[in-house]
Amino acid sequence: MTPHPVDRRTFLRLTGGAAAAAAMISAGVSLVSLPAEAGLWGLELKALTEHEGMTLLKAARTIFPHRTLADVYYAGVVKALDEDAQKSPDTARLLKDGVAALDKAVGVKWIDLSAGYRLATLQAQPKLLDAVKDKTVTALYNDPLVWRHFAYEGPSFEYGGYLHRGFNDLNWLPEPPEEASPKVG
Amino acid sequence: MATFDRNDDSVVVVIGSGAGGGTLANELCQKGVKVVLLEAGARQSTGTFVNDEWKAFVQTAWLDKRTTSGTWRVAKDFPGLPAWICKTVGGSTVHWAGASLRFQEHEFRARTEYGNIPGAGLLDWPLTLKELEPYYAKAEDNMGVTRTHGIPGLPGNNNFKVMYHGAKRLGYKDVHTGRMAINSRPRDGRPACQQIGFCFQGCKLGAKWSTLYVEIPRAEATGNLDLRPECQALTIQHDAGGKVTGVLYADKAGAQHVQRARAVCVACNSIESSRLLLNSASSRFPGGLANSSGLVGKYYMRHMTGSVYAIFDKPVNMYRGTTMAGIVTDESANSPARGFVGGYEMETLSLGLPFMAAFLNPGAYGEPFTEALDDYTHMAGMWLVGEDMPQERNRVTLHATEKDQYGLPVPDVHFDDHPNDAAMRSHAYRQGSAVYQAAGALKAYEVPPYPSTHNLGTNRMSARPADGVCNKWGQTHDIPNLFISDGSQFTTGGAENPTLTIVTLAIRQAEHIPEEMSKRNI
């Protein structure tokens, strides 16, 4: 299954790549240790190199550090970024230059940096951070594999809705009275 | 379905096929009036709707270029998306949640009831609840609103159970599954709700009322409707006498045509309705059509909104079932002792994981953000919607340089909260959080307003021509055969979701227009 990212230009136009909003919340540092470069699970990149792809994968993970989500789930973001880079030379340049800048920041390959340094150096590249962040919001959280991980069941029409699949199965609170919540008709 | 000649000047042209325009077109057709219904968007159906938030957004949302200004957070996070409304046959009745609440009596006389609020341009409506009651009753019947006309309420889902329990523990009295234009039983040829969720993405069953599959097919069956999808109105034309004569529009291929008309009814949702009047400026009307007051585009309202999502130690799975599954109405009265005038409603709401990620705290990242999403299945949510203060500076204007695909200036939407709006939102956040704490929440999040779904007031109704754009029938003060038929005619916003009142006003207007025609006033 592949994610269904919104057309990048559409979403960026709508969101304006809001850099300022990032400042509104302090980004936490993930304590989860990231495994060393483990390949991209057969993901074939066309515009980006494998190193760029892996760096962007770790960048997506650094921005949205879900402790229980394995790296492979972030691969869809890299695929979407690679597709954008194929379509837009500007995007390709932003991503490639961004990765190069990350690697140069401390003089060690960025993916080998500590979690704290990774975040700080990424925050020093706000255009790259926003590009990866915006793409991750629309690609990562729209991936049915990721939904399964979060136990979000998604579409229901083809299964007859949630009427007989738990729409009112919450049993840790008393049932509301019928005048407030009538029985199923 | 009929096809009328573009030179047929006996037709009424209705622009926009949503709650106002779709209802008005059908009511006129039923009375034998020939209607050309121009709709900028394409025609979808229950069969083409998708249970996928982003796909449905691209399929139905209004994504033409728009700009934003002002201090509202939407201008920063979504500068090109001031409103979350639709460009499709059926308009935003495809996307709406279904809440169908009548305005309260005092809300029609906000200026009298609330007094002089500094910075607010409050005005009493030129009509009363009593005048509207028979039309409200007809609208509720047409739409099949639960808890009216003997229609049972919908069963509450998990999200409702959490809100109900917390609200009752907190002492709220009026808590139930709402008055919803969603079938709780098969009715009017449409099936009962199967608790699919995805109400915002177009109801694939047609259990939720929409003009797309209720009013429009009925209007087509009369032989009096010529629906033209993917035909976007560009300007409204007038004659030397100052009456409107037709509408210039672009068809799907981009070719431009003029449809002549006996009367024109504008129902494009508040941003486009006021933009259309402003873009129709001429040497005779240099400030735009129907704008002798200078108020076209002004007093833009979007309701005080916000959401509270809370995390529990046990699962909720709020996304299962109707998106808006219940309501607390106790805060909807005007009780200024709370520190603000007007009231607000608390209504359950859920977003799927994709939209929760986009709207929980736009632009945010890091562990505070991912931890909230990690608890997605343990989350309950409510939307807070209340009356915002009409302010003259909150307005739709034509952008000085940005043009749309037809070369016309795009709309800029300016909005700043009034202090009353902020005080109400703060109160609503506190009460919403308290509801969930009373139900055992571990944590509650104050979620900022989404792009506007309730766009109101840019062509407001007034008794005096100097105070607004149209009269109590939605007929513009300046041009007798030009009508405002959507939420832009609202004088003030009330606390309630506006669709029922838009439909009600359209049903009433559909009585007035034929009367004016038979009297030869138009």
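The structure displayed is predicted, hence computed values, not measured ones.

Conventions adopted
Residues numbered from 1 in each chain as written. Chains lettered and ligands numbered in written order. Predicted model: local features only at pLDDT ≥ 70, side-chain atom pairs only at ≥ 80, totals over all residues. Helix = DSSP H or I, 4+ residues; strand = E, 2+ residues; numbered from the N terminus. Rg over C-alpha atoms; globule rule 2.2 N^0.38 Å. Buried ≥ 20, exposed ≤ 12 C-beta atoms within 10 Å, placed from the backbone. Contact = placed C-beta atoms within 7 Å. Pairing = 2+ DSSP bridges. Axes fitted to C-alpha atoms, helices over the stretch in contact; angles between N-to-C directions. Nonpolar A, V, L, I, M, F, W, Y, C, P; charged D, E, K, R; others polar. pLDDT = per-residue confidence, 0-100. Bend = angle between axes of the 7 residues up to and from the residue.

Thoughts on the overall build of chain B
Move 1: Secondary structure assignment for chain B yields twelve helices and 17 strands.
Move 2: Compactness check: chain B gives a C-alpha radius of gyration of 22 Å against a globular reference of 24 Å for 522 residues, within 12% of the reference.
Move 3: Dimensions along the principal axes, computed over C-alpha positions, put chain B at roughly 70 × 50 × 45 Å.
Move 4: Here chain B holds 522 residues, and 64% of them are scored as buried.
Move 5: Sequence separation of at least 24 residues holds for 74% of the intrachain contacts in chain B that already meet a minimum separation of 6.

Points about the overall build of chain A
Move 1: Broken down by element type, chain A carries seven helices and zero strands.
Move 2: Ordering the α and β elements of chain A from the N terminus gives α-α-α-α-α-α-α.
Move 3: Evaluated residue by residue, chain A yields a buried proportion of 43% over its 185 residues.

Some points on the sheet that holds strand S7 (residues 244-250) of chain B
All names here are of chain B.
Move 1: Spatially, S6-S7-S8 is the arrangement adopted by the three strands of the open sheet, whose pairing is antiparallel. The sheet is open, and its two edges are formed by strand S6 (232-238) and strand S8 (256-260), each paired on a single side. The average angle at which neighbouring strand axes cross in this sheet is 25°, direction not considered.
Move 2: Where S6 and S7 come together, six bridges link them in antiparallel fashion. Within the sheet, the bridge partner assigned to isoleucine 236 lies in S7 and is valine 247.

Notes on the interface of chain A and chain B
Size of an interface, as often reported, equals the accessible area lost when the parts are brought together.
Move 1: Across the contact, 53 residues belong to chain A and 59 residues belong to chain B.
Move 2: Contributing elements (two or more residues each) for the side of chain A that touches chain B: helix H1 (8-15), helix H6 (126-139) and helix H7 (144-150) of chain A.
Move 3: With four residues, H1(A) is the largest single contributor of residues to the side of chain A that touches chain B.
Move 4: Taken together, the residues of the side of chain A that touches chain B sort by class into 31 nonpolar, 18 polar and four charged.

A few points about the confidence of the model for chain A
All names here are of chain A.
Move 1: Confidence along chain A averages 84 in pLDDT terms, with 79% of residues attaining 70 or more.
Move 2: Here H1 stands out as the element of chain A with the lowest mean pLDDT, 45, in contrast to helix H4 (residues 89-106), whose mean of 97 is the highest.
Move 3: Across residues 1-38 the pLDDT falls below 50, and counting only partners more than four positions away or on other chains, this stretch makes 83 contacts in the model.

Points about the environment of A:Gln123
Residues and elements named next belong to chain A.
Move 1: Mapped onto the secondary structure, glutamine 123 falls in helix H5 (residues 115-123).
Move 2: The exposure class assigned to glutamine 123 is partly exposed, which follows from the 16 C-beta atoms found within 10 Å.
Move 3: Each C-alpha atom, one on glutamine 123 and one on glycine 42, is 29 Å from the other, the two residues being 81 residues apart in sequence.

Observations concerning the pairing of strand S14 (residues 395-403) of chain B
Move 1: Two elements, S14(B) and strand S15 (residues 409-414) of chain B, share five bridges in a ladder whose sense is antiparallel. Counted as the bridge partner of B:Arg395 is B:His414 from S15(B).

Some details on helix H5 (residues 129-143) of chain B
All names here are of chain B.
Move 1: Considering bend angle alone, the principal kink of H5 is centred on tyrosine 135 and spans about 30°.
Move 2: Against helix H12 (499-518) lie the buried residues of H5.
Move 3: Positioned one or two residues after H5, glycine 144 has a phi angle of 70°, which is positive.

Structural notes on unusual backbone geometry
All names here are of chain B.
Move 1: Non-glycine residue histidine 303 carries a positive phi angle of around 65°.
Move 2: Along the polypeptide, histidine 303 turns up in the loop between helix H8 (269-279) and strand S10 (304-311).
Move 3: For histidine 303, a count of 26 C-beta atoms within 10 Å translates into the label buried.
Move 4: Its identity is not glycine, yet arginine 520 carries a phi of approximately 65°, on the positive side.
Move 5: In this structure, arginine 520 sits in the segment after H12.

Describing the environment of B:Glu53
Residue and element names in this part refer to chain B.
Move 1: As for its position among the elements, glutamate 53 is in helix H2 (residues 53-60).
Move 2: Overall, the presence of 25 C-beta atoms within 10 Å leaves glutamate 53 in the buried class.
Move 3: Separated by 322 residues in sequence, glutamate 53 and aspartate 375 have C-alpha atoms that sit 20 Å apart.
Move 4: Ignoring sequence-local partners within four residues, the contact set of glutamate 53 consists of Gln201, Gly352, Pro354 and Phe355.

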